[in-house]
Structure formats: C-alpha cells, structure tokens
Amino acid sequence: MKNHWDMIVPCTLIIGLLAFSQAANPCCSNPCQNRGVCMTTGFDRYECDCTRTGFYGENCTTPEFLSWLKLTLKPTPNTVHYILTHFKGVWNIINSIPFFRDSIMRYVLTSRSHLIDSPPTYNSQYGYKNWEAYSNLSFYTRALPPVALDCPTPMGVKGKKELPDSAVVVEKFLLRKKFIPDPQGTNMMFTFFAQHFTHQFFKTDHHKGPAFTKALGHGVDLNHVYGETLDRQLKLRLRTDGKLKYQMIDGEMYPPTVKDTQAEMMYPPHVPEHLQFSVGNEVFGLVPGLMMYATIWLREHNRVCDILKQVHPEWNDEQLFQTTRLILIGETIKIVVEDYVQQLSGYYFKLKFDPELLFNQQFQYQNRIAAEFNTLYHWHPLLPDSFQIHDQEYTFQQFLYNNSIMVEHGLSHMVKSFSKQIAGRVAGGKNVPFAVQKVAKASIDQSRQMRYQSLNEYRKRFLLKPFKSFEELTGKSYSF
Ligand code: HEM
Ligand SMILES: *[C@@H]1O[C@H](CO)[C@@H](O)[C@H](O)[C@H]1NC(C)=O
Ligand SMILES: *[C@@H]1O[C@H](CO)[C@@H](O)[C@H](O)[C@H]1NC(C)=O
Ligand SMILES: *[C@@H]1O[C@H](CO)[C@@H](O)[C@H](O)[C@H]1NC(C)=O
C-alpha cells in the first residue's frame, strides 16, 4: 500500500506539471500591443481588448487611420526631449511670451497625465480590473499588472526561470566603485529635498509587504509635516494661532521633542531625549538632511500663521492652521514644479505652476501612487561618500540619526554647505554608495516579490522603443 502511494504522488505531480506547462497562460507572452488588454478565454486561448487604443486586430497591432497619422507625424519622446534640452536662445524667447509658455505647459501637463490610467486599475494582487483594486487605498497601484503566477518565467515567458542572486546584481551593476558626480550639477540640497518630498507618498507598510502603503492620501498632502492621522496632527499642533509646536535653541526655531509632543518617532535607543525631534513623518530622524527640511517647513508654517493672523485677527486656531496647510501645499507644488522638476528635466523651457492652466481641459485630479514609481525613485546614487558641512566631514555612520549636527551647525550653514556639495549621478548604474547597498538589494527583492514585468514592457507602456540588446541599454563602454 505504501509503495503504491509513493508512486502515485510523483506521477500525478509530473502529469500535472506537463499539463500545466502545455497550457501555460497565453497572456504570459504579453501578446497584446499598444496598451491592449490581454484576457484569457479558456485555458489556452486569449483575446486582446483593443477598446480605445486606436488599434485593432488580434494583437491590437493595426492602427486606425487617425492613429496611423499621429504615428507618422508625432515626434518621438526622444525628439521632444532633445528639442526641450537644446536651442536655449529660442526657448528664452518662448519663455517670455505668456501665450506660448502657457500653451506648452498645458501640453506638458495633459500629455503626461494621458499616459496614466485614472481612475487607477491594477495593483500587485490584481492583474485585472476590479472594485477591490480600485477602492483599497492601502495598495500602491500598478502601471502594469503583475506577471501572472502561472507563467513559466518571472518575466512571463522570456528570461531565466531562476533570476540571479540579487546581491550579485547589486555588486556587479549598482554598487559604486568610485563616486560619479551628477552631470547636471545636482546638489545635496536637491537630494534631501527629493527624499523629504517623496517620503510623504512613499511610505511602504513593511508589515504588510512592498505592495502596501501607509500614505493613504496618495499625493502631496504634506502628511510628512502634519502627520498621517488626525491624532498625530493634534499632537504636533500648538493649538494656538494655528501654529505647530516648536522649541527655541540659541534663538532659532527647531522641532519639538518627542517628549513634548508624544508623537512617536523611530530613533535608536542611544539618541538622547533632547535630540529626539518630533515631526510629521516618524522616520525623519534618520538623516539630518531630512530634519533640516522638516525644520524649514516648520518655520514656514509658523511664519505664514503669523501673517494670516495679522490679516485675519478674527480667525480661530483651526482656521489659521487649515488655511496655512493649504498655503504650504501650494508652496510645495510651486517649488516642486518650478525648481525641482525644472532641475531634474534639464529643460530650457521654463515650467510653470498655475492651476488655471487646466481649468478648461479634461483633467483627472485624483491620484494614486504606483509601486513602480516608488521603485524608480530609489535615487540612492545621489548620495555622496561623506557629507560636508561647514568644513566638517561626516561619514554615514556619524551622520545618520545624528540631530546634533543640525543644532551644532545651525540651518543656514547646513543649507549653504548642501547647496555647494555635488550629488551623485543617478542613471547609468554603479553609483550606489556602499553604506546603502542593502537598500538596493531590498529594492530588487521587492520588485521580484511584486512580479514586475520586464523593463521593455514598461518602455512600451510609456511609448518608448523597447531595447534590442543589453548594450543598447547600457552603452558599449559599460564594463564589469
Ligand atoms: C542618507 C540617506 C539615506 C538613507 C540612509 C536611506 C535609507 C533607506 C532605507 C533603509 C530604506 C528602506 C529600504 C527597504 O527596506 O525597503 C529606504 C527607502 C527609500 N529611499 Fe532612501 N535613504 C537615503 C536617502 C534617500 C534619498 C536621497 C532618496 C531620494 C529620493 C531616497 C529614496 C528612497 C525611497 C523612494 C525609498 C522607498 C520608501 C518606501 O517605500 O517607504 N532615499 N532608504
Ligand atoms: C498575435 O500574437 C501571437 C502571439 O505572439 C502570434 O502567434 C500571432 O501570430 C499574432 N497574430 C497576428 C495577427 O499577428
Ligand atoms: C486592503 O487589502 C488588504 C490585503 O488584501 C487587506 O488586508 C485590507 O484589510 C484591505 N483594506 C481595506 C480598507 O479593505
Ligand atoms: C554626531 O555629530 C556630532 C557633531 O555635531 C559629533 O561630534 C558626534 O561624534 C556625532 N555622533 C556620532 C555617533 O557619530
């Protein structure tokens, strides 16, 4: 009897596996092109839904007349980028004529937003549209659905069945050998702005897994200044004149301590109580660069409160607070568009923040943060090998969780120094500092866990030409 079962179990397994590999989910090969949606019909057949793609045919590959015309006439994203980053003299003229500047900015905003599904569709648990994926805000959304679990390889049908050890990938392709400076002259002020700004919407809930976020606002709500919950917000507020709690050190305003607010933060036990500053995002004690921006926004909030109160002495604490928060959200978006994205883009076209540009347009104001957006934003190559402040040099070990650096130097020395120190180059590989190599590895592991599709599928999704070879991705000079 025992022998009999010993045979049956492996036989069933083998037969099962054979049947399984024969009838592999046909959507695994991503047959539908031009954003057509693949749907299985039975175990071994599929259909592409080409609705509103502008294409038709079995795989949505044949353009309708209008799509054909657009394809023929429309410049490629590469060409558009080239034009925007060259011809400085022409752009200077365009920038000075409001009609042209507004029209182009309107085009930049609408063409980018048309690339995004809104309302959001998939998440890391659902590769098809459904109510749960739409309504459950704990998930990051997905620009592309996850590779189905029954696919032959992690990339669908291409690539190896077993991916290489992520630690080896980090070591070979990502780890910095020698600091490579950013070619656009990006500085450390930008670097910490990036980290500070994005950590209001990239707040992975690691207890639930990489597919989940704690930032339920999915956008620029300044929860990193005011706290994610009302409970935390109330702890951080002074409850007078709309202001946030603060302390004065040597005549300058700094965040209050955890002891003062009871708004918990993540500090290792060795950090003394008087340096456990308390701000909206509980992880901002990690880096003095983050605490620097937290302090700047704290000062700005209380400054705006003072001005509002002068104009509206009749307003109570709540109205002063709420109005100031809206003003700071507006200031943030203005800085992000006109300084931060401007620097990032390298455009000679002068970007503009003006909500009215979209008032007569079709535009979706709702937003959902995507998991891929988070993965791409792991800009740790921006980080230098050491941090320079006012002729002092700090290693990562001295710098991390060390708020005394901010108090000792004061904000203006920090800002001056970080404005001078050049950041690392993000794109092109081999520039992740040794100190955060674990973060790069975690990012790869999480991407695999979330079953991301291949880079080329993402390129096609965003109308970029897929790479034909590894060399086309890296350039010929790449050596390892
Ligand atoms: C000294 C500076 C920094 C340190 C020590 C650091 C460290 C870390 C660590 C430990 C994580 C969590 C990794 C994980 O387990 O998933 C992380 C996540 C992340 N970091 Fe950094 N980082 C630094 C600077 C930056 C900068 C400058 C950026 C620029 C945008 C950045 C972007 C991110 C993003 C987007 C995440 C994912 C956040 C999330 O999903 O919650 N980091 N970093
Ligand atoms: C559609 O794609 C499938 C799978 O890649 C392929 O076998 C088939 O020939 C394609 N059909 C057309 C009409 O190109
Ligand atoms: C969202 O989905 C997760 C995972 O399925 C679940 O644990 C959580 O309770 C859901 N949240 C809501 C608000 O339904
Ligand atoms: C923190 O920074 C101070 C300078 O403000 C420095 O003296 C100290 O050694 C640093 N702490 C650690 C643990 O490196």
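For the structure itself, consult the block above.
Predicted model only: the values in this text are computed from it and were never measured. (Residues numbered from 1 in each chain as written. Chains lettered and ligands numbered in written order. Predicted model: local features only at pLDDT ≥ 70, side-chain atom pairs only at ≥ 80, totals over all residues. Heavy atoms only, no water.)

We now examine the overall build of the protein. Along the backbone of the protein there are 20 helices and 10 strands. Scaling as 2.2 N^0.38, a compact globule of 480 residues should have a C-alpha radius of gyration of about 23 Å, and the protein matches this with 26 Å. When its C-alpha atoms are laid out on the principal axes, the protein stretches across 80 × 70 × 50 Å. Expressed as a percentage of its 480 residues, the buried residues of the protein come to 41%. On the protein, roughly 27400 Å² of surface is accessible, and the fraction owed to carbon and sulfur atoms is 60%. Placing the 51 positive and 44 negative side-chain charges of the protein at their respective mean positions leaves the two points 6 Å apart. (Helix = DSSP H or I, 4+ residues; strand = E, 2+ residues; numbered from the N terminus. Rg over C-alpha atoms; globule rule 2.2 N^0.38 Å. Buried < 20%, exposed > 50% of the residue type's maximum accessible area, 1.4 Å probe, protein only. Areas by Shrake-Rupley, 256 points an atom, 1.4 Å probe, with all protein chains shown as cover. Lys, Arg positive; Asp, Glu negative; His and termini not counted. Charge placed at Lys NZ, Arg CZ, Asp CG, Glu CD.)

One pass over the structure, following the stated rule, counts four disulfides. Each sulfur in the disulfide pair Cys50 and Cys60 lies 2.1 Å from the other. Every disulfide takes its handedness from the sign of the S-S torsion; for Cys50 and Cys60 that torsion is -85°, giving left-handed. Residue Cys50 is located in the loop between β2 (46–49) and β3 (55–56), and its partner Cys60 is located in the loop between β3 and β4 (62–63); the two are separated by 10 residues in the primary sequence. By the burial criterion, Cys50 is buried, and Cys60 matches it. Sequence-ordered numbering of the bonded cysteines in the protein yields a pairing of 1-4, 2-8, 3-5, 6-7. (Disulfide = S-S within 2.5 Å.)

The environment of ligand 2 is made up of Tyr46, Glu58 and Asn59. Here an oxygen atom of ligand 2 sits 3.2 Å away from a polar atom, N or O, in the side chain of Tyr46. Between Glu58 and ligand 2, the recorded distance is 3.1 Å, taken from a side-chain N or O atom to a nitrogen atom. If ligand 2 stood free it would expose 360 Å²; the protein chains cover 38% of that surface. (Near = heavy atom within 4 Å. Polar contact = N/O pair within 3.5 Å; in protein donor to acceptor, adjacent residues only side chain to side chain.)

A separate point is the site of ligand 3. Near ligand 3 the following residues occur: Gln125, Glu132, Asn136, Phe139 and Phe212. Interatomic distance of 3.5 Å between a side-chain N/O atom of Gln125 and an oxygen atom of ligand 3. Contacts to ligand 3 include Asn136, whose side-chain N or O atom sits 2.3 Å from an oxygen atom. When isolated, ligand 3 has an accessible area of 360 Å², and the protein chains bury 42% of it. For the shell around ligand 3, the per-class residue count stands at two nonpolar, two polar and one charged. (Nonpolar A, V, L, I, M, F, W, Y, C, P; charged D, E, K, R; others polar.)

The next point concerns the coordination of the iron atom of ligand 1. Looking at the iron atom of ligand 1, one finds just one donor atom contributed by the protein, His380 (NE2), at 2.1 Å. Tracing the chain through its elements places His380 in the loop between α14 (371–376) and β9 (387–389). (Donors = N, O, S within 2.8 Å, 3.2 Å for Na, K, Ca; no water.)

This part takes up the packing of helix α12 (residues 288–311) against helix α17 (residues 411–420). Where α12 meets α17, the axes come as close as 11 Å, and the angle between the chain directions of the two elements is 120°. Between α12 and α17, the interaxial angle falls into the category oblique. Seen from above, α12 lies across α17 with left-handed handedness. Contacts from Pro288, Gly289, Met292, Thr295, Ile296 and Arg299 in α12 reach Leu411, Met414, Val415 and Phe418 in α17. (Axes fitted to C-alpha atoms, helices over the stretch in contact; angles between N-to-C directions. Parallel < 35°, antiparallel > 145°, perpendicular 65-115°, else oblique. Left-handed = near helix turned anticlockwise from the far one by under 90°. Contact = heavy atoms within 4.5 Å.)

Here we take up the pairing of strand β1 (residues 37–40). As judged from the four bridges shared by β1 and β2, these two strands associate in the antiparallel manner. Note on β2: the bridge partner recorded for Thr40 is Tyr46. Here β1 hands over to β2 after five residues, with Gly42 in that stretch at a positive phi of 85°. (Pairing = 2+ DSSP bridges.)

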